[in-house]
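Chain by chain, the residues:
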Amino acid sequence: MAAFQHIAQAQSTYQIPLLAGDNAFLGDILSSDQTEPEKPISCGLFRLQKGEPLTYTYKYDEMKIILEGNFTITDSTGQEVNAKPGDVFYFPKSSTITFTTSDYGLAFYCGQKTKNFV
């Protein structure tokens, strides 16, 4: 029997690694890839600071909930949402999404991927 894992105060204490440019940060906190290699699931935090937009084409399905700040989120179909805390998003595999922010935004994500697969 496996025990659960706990990361205390991750939203405020986890040092999110730099992903792109000097303003986009993303880091997996936990992953099931060791115990469920055929159907892994990973979760972590995404932070974007004012500056360069981040455009990303997903290689896996992912869901995000906005925790702090704001994002403007657009996709290749032209859909655009001004996202705020409490908003939840589903990004299907192969979707191309652009994230921008007027100040900063922090989101929690959960994706069907192995840890650190970006």
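Above this text you will find the structure in question.
The structure contained in this document is the topic of the report that follows.

The rules behind these values
Residues numbered from 1 in each chain as written. Predicted model: local features only at pLDDT ≥ 70, side-chain atom pairs only at ≥ 80, totals over all residues. Heavy atoms only, no water. Helix = DSSP H or I, 4+ residues; strand = E, 2+ residues; numbered from the N terminus. Rg over C-alpha atoms; globule rule 2.2 N^0.38 Å. Areas by Shrake-Rupley, 256 points an atom, 1.4 Å probe, with all protein chains shown as cover. Lys, Arg positive; Asp, Glu negative; His and termini not counted. Charge placed at Lys NZ, Arg CZ, Asp CG, Glu CD. Disulfide = S-S within 2.5 Å. Buried < 20%, exposed > 50% of the residue type's maximum accessible area, 1.4 Å probe, protein only.

Some details on the overall build of the protein
For the protein, the helix and strand inventory stands at one helix and ten strands. Secondary structure elements of the protein, listed N to C terminal, follow the sequence α-β-β-β-β-β-β-β-β-β-β. Since a compact globule built from 118 residues should have a radius of gyration of about 13 Å, the 14 Å found for the protein is in line with a globular shape. Reported as C-alpha extents along the three principal axes, the dimensions of the protein are approximately 45 × 30 × 25 Å. In the structure as shown, the protein presents an accessible area of about 7100 Å², 54% of it carried by carbon and sulfur atoms. For the protein, the distance from the average position of its 9 positive side-chain charges to the average position of its 13 negative side-chain charges is 2 Å.

Concerning the state of the cysteines
Under the criterion given, the structure shown has zero disulfides. Here Cys 43 stays free of any disulfide, with the sulfur of Cys 110 as its closest cysteine sulfur at 5.8 Å. The exposure class assigned to Cys 43 is buried, which follows from its relative accessible area of 16%. Cys 110 sits in the partly exposed class, given a relative accessible area of 29%.

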